[in-house]
Amino acid sequence: MTVRIDGTDRKILAELQRDAGQSLDEIARRVGSSKTPVWNCIRKLREAGVIGRQTMVLDAEALGFEACFFVLIRTSAHEAEWQAKFLKALQDRPEVQEAHRLAGDIDYILKVRVKNARAYDNFYQALISEVRVHNVTALLSMEEIKSTTLLPLEAIAEE
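Predicted, not measured: the structure shown is a model, and the values here were computed from it.

Would you explain a nonpolar patch on the surface in this entry?
A cluster of nonpolar side chains, namely Met56, Leu58, Leu63 and Phe65, defines an oily patch on the protein surface of about 450 Å² accessible area. With respect to the helices and strands, phenylalanine 65 occurs in the loop between helix 3 (35-47) and strand 1 (67-74). What makes phenylalanine 65 partly exposed here is its relative accessible area of 32%.

Before we go on, may I ask you to explain the packing of aromatic side chains in this structure?
Think of a pair of aromatic rings as described by two things: how far the centres are apart, and how the planes are tilted against each other in angle. Under the criterion given, the structure shown has six aromatic pairs. Residues tyrosine 120 and phenylalanine 123 carry aromatic rings whose centres are separated by 6.0 Å and whose planes lie at 45° to one another, so their mutual orientation is tilted. Residue tyrosine 120 and its partner phenylalanine 123 are both found in helix 5 (residues 117-130); the two are separated by three residues, about one turn of the helix. Taking the relative accessible area as the measure of exposure, tyrosine 120 reaches 9% and is therefore buried.

Looking at this model, I keep getting lost on the environment of glycine 7. Mind explaining?
In this fold, glycine 7 is placed in helix 1 (residues 7-18). Sequence separation of glycine 7 and valine 31 is 24 residues, and the distance between their C-alpha atoms is 9.7 Å.

Sorry, what's going on with the packing of helix 1 against helix 2 (residues 24-31) here?
Pairs of packed helices are described in terms of their axes, by the angle between the two and the distance that separates them. As a packed pair, helix 1 and helix 2 sit with axes 10 Å apart at the nearest point and diverge in direction by 130°. The angle between helix 1 and helix 2 places the two elements in the oblique class. Viewed along their axes, helix 1 and helix 2 form a crossing whose handedness is right-handed. Where helix 1 abuts helix 2, its residues Lys11, Ile12, Glu15, Leu16 and Arg18 lie against Ile27, Arg30 and Val31.

Which parts of the structure should I look at to understand the nonpolar core?
Taken as a class, soluble globular proteins show a tendency for nonpolar side chains to be buried jointly. Leu110, Val112 and Leu127 are the most contacted members of the largest nonpolar core, which has 18 residues in total. Mapped onto this core, the elements with two or more residues apiece are strand 1, helix 4 (80-91), strand 3 (108-114) and helix 5. With residues up to four places along the chain from it excluded, the contact list for leucine 110 reads Phe69, Phe70, Val71, Ile73, Leu90, Glu98, Ala99, Phe123 and Leu127. In terms of nonpolar packing, the next biggest core, distinct from the first, is built from 14 residues, Leu13, Ala28, Val31 and Val38 among them.

In this structure, what is going on with the side chain of arginine 93? I would like to understand it.
Mapped onto the elements, arginine 93 comes out in the loop between helix 4 and strand 2 (96-101). Relative accessible area serves as the criterion here: at 10%, arginine 93 is assigned to the buried category. Once you skip the residues sitting within four places of it in the chain, arginine 93 turns out to touch Phe123, Ala126, Leu127 and Glu130.

How should helix 1 be read in this particular structure?
One full turn of an α-helix is made of 3.6 residues, so residues set three or four places apart face in the same direction. Between the first and last C-alpha of helix 1 there are 17 Å, a value that for 12 residues agrees with the 16 Å anticipated at 1.5 Å per step. Looking only at helix 1, the buried set comprises Asp9, Arg10, Ile12, Leu13, Glu15 and Leu16. Check the buried side of helix 1 and you find it contacts helix 2 and helix 3. Near the N-terminus of helix 1, the side chain that reaches the backbone nitrogen of threonine 8, with its oxygen 3.0 Å away, is that of aspartate 6.

Parameters and conventions
- Residues numbered from 1 in each chain as written.
- Predicted model: local features only at pLDDT ≥ 70, side-chain atom pairs only at ≥ 80, totals over all residues.
- Heavy atoms only, no water.
- Patch = residues over 30% accessible without salt bridge, like charges linked within 9 Å, V, L, I, M, F, W, Y side chains within 5 Å.
- Areas by Shrake-Rupley, 256 points an atom, 1.4 Å probe, with all protein chains shown as cover.
- Salt bridge = Lys/Arg side-chain N within 4 Å of Asp/Glu carboxyl O.
- Helix = DSSP H or I, 4+ residues; strand = E, 2+ residues; numbered from the N terminus.
- Buried < 20%, exposed > 50% of the residue type's maximum accessible area, 1.4 Å probe, protein only.
- Phe/Tyr/Trp six-rings, centres within 6.5 Å; stacked < 30°, edge-to-face > 60°.
- Axes fitted to C-alpha atoms, helices over the stretch in contact; angles between N-to-C directions.
- Parallel < 35°, antiparallel > 145°, perpendicular 65-115°, else oblique.
- Left-handed = near helix turned anticlockwise from the far one by under 90°.
- Contact = heavy atoms within 4.5 Å.
- Core = buried A, V, L, I, M, F, W, Y, C linked by side-chain atoms within 4.5 Å.
- Expected span 1.5 Å × (residues − 1).
- Polar contact = N/O pair within 3.5 Å; in protein donor to acceptor, adjacent residues only side chain to side chain.

Rendered as structure tokens:
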């Protein structure tokens, strides 16, 4: 880590993780500081790359995206050209919320959010028409038990 994180930084980061839409005044009140030091801290953390883009978390089910699939992909192709084509195919598909390259028997895992099984099949057919894969296993999430974007900030050692 290139930036030093102290207790106040950690409190500010926790508040931003909880609700990035709150005012500087509210964050300052919650962390026991004033507005200017909070703003300076946020600016410092942004410049250091600790704080990235700000987004809103939308309720997928409320918007009709009722199916969440975890897609396990095995491939026998590991050439740079194949990887670039695969990466582009994933980036071009808004249904793919997450994609990870793995160590072990499975090469990639995708989190795919769609309206229903038919929409997943359309996604699947389009993907395999663009890139060659050895094996695809799709697992339908029956229930989301926990989902968070919060990092365990208490694990950061104060320097």
